[in-house]
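Here is what each chain is made of, one letter per residue.
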Amino acid sequence: MATPANSATAAGGAAKDGAPPAPAKTLSGIVKQVLSGDTVVIRATKGAPPPEKQITFSHVLAPKLARRPGAGGDETKDEPWAWESREFLRKKLIGVEVTFTFDKPANSNREYGFVWIGKDKETGENVVESIVREGLVTVRREGRPTAEQQTLIELEDQARAAGRGKWAANTNSADKVRNIKWSHENPAHVVDIYGGKPVKAIIEHVRDGSTVRAFLLPDFHYITLMISGIRCPGVKLDADGKPDLSVKVPFADEARYFVETRLLQRDVEIRLESVNNSNFIGTILYPKGNIAESLLREGLAKCVDWSMAVMKTGADKLRAAERVAKEKRLRQWQDYQAKTPAFNSKEKDFTGTVVEVFNGDAINVRLANGQVKKAFFSSIRPPRDQRAVVGTDGEEIVKAPPRGKNYRPLYEIPHMFDAREFLRKKLINKKVQCNLDYISPPRENFPEKYCYTVLIGGQNVAEAMVAKGLATCVRYRQDDDQRSSAYDQLIAAEQQAIKGLKGLHAKKDNATLRVNDLTVDHSRIKVQYLPSWQRALRTEAIVEFVASGSRLRLFVPKDSCLVTFLLAGISCPRSSRPALNGVPAQEGEPFGDEALTFTRERVLQRDVSVHIDTTDKAGSSVIGWLWTDSGANLSVALVEEGLAEVHFSAEKSEYYRQLKSAEDRAKAAKKNIWANYVEQVPEEKVVVEEEKEDKVVAERKVNYENVIVTEITETLTFFAQSVENGSKLETLMSKLHADFQANPPIAGAYTPKRGDLVAAQFTLDNQWYRAKVERVQGSNATVLYIDYGNKETLPTSRLAALPPAFSSEKPYATEYALALVALPTDNEDKEEALRAFSEDVLNHKVQLNVELKVTGSPNLATLHDPTTKVDFGKQLVAEGLVLAEKRRERKLKDLVDQYRAAQDAALAAHLAIWKYGDITQDDAPEFR
């Protein structure tokens, strides 16, 4: 039923006063919007944006749609079937090319006409007739009907007869009225209802390129939606906060038109992600994808960090789309200049093993070629001093005042230790992939920082930290591209941490970690901590710092304390030291730096087990054994590598055999410190001769002296100090220490010679003691501390001339040989005998009797328990740990017989060295 091109009426009535009808204009265009069941907005096919025309259908009247409050009046509800009539047209016409006629009556502000689908109204569907046929509008019947009006009346009568649309019988009109939720008291609750799932929606209005109004179906929540992650140019507001249309914002109209042509009154899906005041924030998905990506790709929008943070997925795609527009310099980016410097592939990406973690924001990574690179985590900030004043952008406005010299931020800044521990446990000795994001320029005396996204097993380490509330995100200016390639994931993780009140975001006060720093306060080591450490079989610890191959700083979590730890049983070359706080740099001993590196690579920031034996003489450090996370004894490992030598103190240890064997292998292989080692020819054994006297003494003399055994050697000789001289020794040492503290010697000014009586600076406590030079080899010397009996090889720079006032007194420690006994030949049996002897007498007060004076060798002596009078030598024989030596001196005959009887009893009982029978059958005649 074609309708004449020239309409004789404006709104369905006849022309008045017999005036000839005005000619109707015929145009074509594309339907932009359906305002109701009888009104559409049609835009031209050219222009950006193109001109528009609102056309009201002639001769019909549609039910009125509801009006929201504040939109030019009070709230109204739908008339029945208003939504259905609007939807009929929307689904049929939106985005469709149409032909239309229109005219404007003299007494009306509206333009009325007919619309046909397609370019030809002769063949196209008449939309007005179609909606009448569906019974969704009412035909005006006043006045004399025109031909086209008569056609519409006939179609309406048919619809009535068929019960279509609003003419349907038994239809409750209330069911055809929407229950619209124009406002929301709790927008966040609406977001929670949908749970981040896409919900069907219709876009009702496009305010600007990144803000729309929409109905959420089927519940008709009317929302204002800000598109997540982007911002388009919008309308400028005047002083009253109202749109100022006189000011043209570049690309604002184009962005709005871009969205209108794709979304306005289209069926879409909206994923609600957050709220901002009364506005919702979400992602709009339409048939061709994400509208935000399309806007960014065309340069009509820019990424916005704060709203991108709430996105569940797709933030990386938005960044990628924006990069495309930047590279092509489209629209808003037409003057864009990249600020991020170009990197070569060698700088940009590398893979390596993490060897050290810094305070929550950086790591050291060792590459395959051995090079170590420092990598800072991109776009995150570790916990910081809470006394600093921080601005809204996260930057410190006022820095925290300086702390004291013993300030340790790792423990005293809340959550800093937690952050470091998270990284240490996750990364140390693990392989990571580092991708360079940007280089932060130097500032405030800090060098430039190479900032990376660090991945372990595909997981972003920085994101994991932020998610646990152990770091915060750096806030940037919107045009600042120097940021993490995963910045949006970081922001999202931070939002989740804030929501979950994790770590730094917890509401409760962040208390600092209470740590007892025993590296500064030494007074409590012996009294409060040492006894429990000695009783413990193993103590778990973390190596915080490695000062040299054998000197470390440990953190003991069980006791929450820091302590300086010295490896027992070995002597390591001293490593070089850099200039620090005005102290000049110190050159290290040969292989000292190698020993330092060896220890660092195996234990730094690792979990280790230690057994603590004792403290150094000053009580400032503990001495003990350390096992790495792989179970290796670090002392043995250093000796095995030729980076340390066995210290005489190891002779008393159960690990002496391992150390000695390791040292022998290192010597044989000429490793490191043993590169020039030449095996010494053993000296002939001194023949023991009885001192000649005018008259041969036939009887044994007993004259007990109270002594303290200070040292035991591997040949079963021992050093002892007279108890009577204890106070004299203490006085001497106090004066010696005070003298050297007041007048410190110049390092290297003294050249020692074998046999010299010197002052030597003991390695374990750096105090000066009297010593005798036994051997000089290059820049090292082996000395015997004459007042204690222990030996040490140390650099000659740690030797000095002994002041005359301290050289006149005799040594306070005297060497003796344990009388009438001999060590077994088997190394294990020998170690067991020395261990038992050490347990019995070392550092204990005992009674000593000289049994035989020997020329050129230590006098033979027996040791006795002052309470039980037990002879410790005879006890070792009785326990089957040593052999009884048969001597021919008449005065010792009775004592020798007692020792032989004890040995026979041990042999009969198959104790210790006798468990497989008599071991002396093939030995020298003196044992037969």
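Quick caveat: nothing in here was measured; it's all calculated off a predicted structure.

Draft legend 1. Molecular detail of the domain arrangement of the protein. Here the protein is partitioned into domain 1 (25–171), domain 2 (187–238 + 247–333), domain 3 (350–389 + 410–505), domain 4 (516–577 + 588–674) and domain 5 (697–723 + 812–927). Distance from the C-alpha centre of domain 3 to the C-alpha centre of domain 4: 32 Å. The interface is formed by 12 residues belonging to domain 3 together with 10 residues belonging to domain 4. Between domain 3 and domain 4 we count 3 salt bridges in total. In this structure, Arg424 and Asp607 form a salt bridge, with 3.1 Å as the shortest nitrogen-oxygen distance. Linking domain 3 with domain 4 are 6 residue pairs in polar contact (both at pLDDT 80 or more). The set of elements that each furnish at least two residues to the side of domain 3 that touches domain 4 consists of strand E16 (349–357), helix H10 (409–412) and helix H11 (416–427). It is H11 that contributes the most residues to the side of domain 3 that touches domain 4, 4 residues altogether. Residues belonging to the side of domain 3 that touches domain 4 are distributed by class as follows: 6 nonpolar, 1 polar and 5 charged.

Draft legend 2. Spatial organisation of the UniProt feature "domain: TNase-like" (unreviewed entry) in the protein. The feature "domain: TNase-like" (unreviewed entry), as given by UniProt, occupies residues 25–169, 197–335, 348–507 and 537–676 in the numbering adopted here. Secondary structure content for residues 197–335 is 27% helix and 34% strand, and the end C-alpha separation is 39 Å.

Draft legend 3. Spatial organisation of the UniProt feature "domain: Tudor" (unreviewed entry) in the protein. Under the UniProt annotation, "domain: Tudor" (unreviewed entry) lies at residues 751–809. As annotated, residues 751–809 comprises 0% helix and 49% strand, and the C-alpha atoms at either end are separated by 23 Å.

Draft legend 4. Inspection of the sheet that holds strand E39 (residues 791–795) at higher detail. An order of E39-E38-E37-E36-E40 is seen for the 5 strands of this open sheet, with the pairing classed as antiparallel. Looking at the sheet topology across the chains shown, the edges are occupied by E39 and strand E40 (799–801). Strand-to-strand twist across the sheet, computed as the mean angle between neighbouring axes with direction ignored, equals 50 degrees. Looking at chain direction, strand E37 (residues 768–777) and strand E38 (residues 780–785) are connected through 6 bridges and run antiparallel.

Draft legend 5. Main features of the nonpolar core. Ranked by size, the top nonpolar core spans 44 residues in total, and within it Trp533, Phe565, Leu626 and Leu638 carry the most contacts. In this structure, Phe565 is in contact with Ser550, Arg551, Leu552, Leu554, Val610, Ile612, Val622, Gly624, Trp625 and Leu626, ignoring residues within four places of it in sequence. Membership of the second largest hydrophobic core comes to 40 residues, among which are Phe376, Val466, Ala471 and Ile491.

Draft legend 6. Looking closely at the environment of Ala506. Looking at the element boundaries, Ala506 is found in the loop between helix H13 (487–499) and strand E26 (516–517). Ala506 sits 350 residues away from Gly856 along the chain, and the two C-alpha atoms are 76 Å apart.

Draft legend 7. Examining helix H1 (residues 82–93) more closely. Taking 1.5 Å per residue, 12 residues should reach 16 Å; H1 reaches 17 Å between its end C-alpha atoms and fits that length. Of all the positions in H1, only Ala82, Trp83, Ser85, Arg86, Glu87, Leu89, Arg90 and Leu93 are classed as buried. Positive backbone phi, approximately 80 degrees, marks Gly95, located one or two places after H1.

Draft legend 8. A look at the pairing of strand E18 (residues 372–377). Two strands pair when backbone bridges link them, and strand E17 (residues 362–366) and E18 are joined in this way by 5 bridges, in the antiparallel orientation. By the bridge assignment, Ala362 is partnered in E18 with Phe376. Counting the residues that bridge the hairpin from E17 to E18 gives 5 residues, and of these Gly370 lies at a positive phi of roughly 95 degrees.

Draft legend 9. Inspection of unusual backbone geometry at higher detail. Between Leu217 and the following residue, Pro218, the backbone shows a cis peptide bond with an omega angle of 5 degrees. Following the sequence through the fold, Pro218 ends up in the loop between strand E9 (211–216) and strand E10 (221–227). A positive phi is found at His59, a non-glycine position, where the angle reads about 70 degrees. Relative to the elements of secondary structure, His59 occurs in the loop between strand E3 (52–57) and strand E4 (60–61). Located in the positive-phi region is Trp81, a residue other than glycine, with phi close to 75 degrees. Here Trp81 is to be found in the loop between E4 and H1.

Draft legend 10. Just the packing of aromatic side chains, in detail. Tallied over the full model, the rule gives 25 aromatic pairs. Pairing Trp627 with Tyr655 gives two aromatic rings, centres 5.9 Å apart and planes at 70 degrees, and the pair type is edge-to-face. Here the residue Trp627 occupies a position in strand E32 (residues 622–627), and Tyr655 occupies one in the loop between strand E33 (645–646) and helix H17 (656–669), the gap between them amounting to 28 residues. For the pair Trp627 and Tyr655, a shared accessibility class is recorded, and that class is buried.

Draft legend 11. Representation of the pattern of salt bridges in the model. Counted by the stated rule, this structure contains 45 salt bridges. Among the salt bridges present, the one from Asp488 reaches Arg319, with a minimum N-O distance of 2.7 Å. Here the residue Asp488 occupies a position in helix H13, and Arg319 occupies one in helix H8 (residues 315–328), the gap between them amounting to 169 residues. Here Asp488 and Arg319 have matching classes, each one buried. Between Lys326 and Glu322 there is a salt bridge whose closest N-O contact spans 3.6 Å. Here the residue Lys326 and the residue Glu322 both occupy positions in helix H8, the gap between them amounting to 4 residues, near one helical turn. Several salt bridges share partner residues, and in doing so they unite Arg86, Glu87, Arg90, Glu204 and Asp267 into one network.

Scoring rules and cut-offs
- Residues numbered from 1 in each chain as written.
- Predicted model: local features only at pLDDT ≥ 70, side-chain atom pairs only at ≥ 80, totals over all residues.
- Heavy atoms only, no water.
- Domains from an automatic or database assignment.
- Contact = heavy atoms within 4.5 Å.
- Salt bridge = Lys/Arg side-chain N within 4 Å of Asp/Glu carboxyl O.
- Polar contact = N/O pair within 3.5 Å; in protein donor to acceptor, adjacent residues only side chain to side chain.
- Helix = DSSP H or I, 4+ residues; strand = E, 2+ residues; numbered from the N terminus.
- Nonpolar A, V, L, I, M, F, W, Y, C, P; charged D, E, K, R; others polar.
- UniProt positions renumbered as here; feature names shortened; annotations may be inferred.
- Pairing = 2+ DSSP bridges.
- Axes fitted to C-alpha atoms, helices over the stretch in contact; angles between N-to-C directions.
- Core = buried A, V, L, I, M, F, W, Y, C linked by side-chain atoms within 4.5 Å.
- Buried < 20%, exposed > 50% of the residue type's maximum accessible area, 1.4 Å probe, protein only.
- Expected span 1.5 Å × (residues − 1).
- Phe/Tyr/Trp six-rings, centres within 6.5 Å; stacked < 30°, edge-to-face > 60°.

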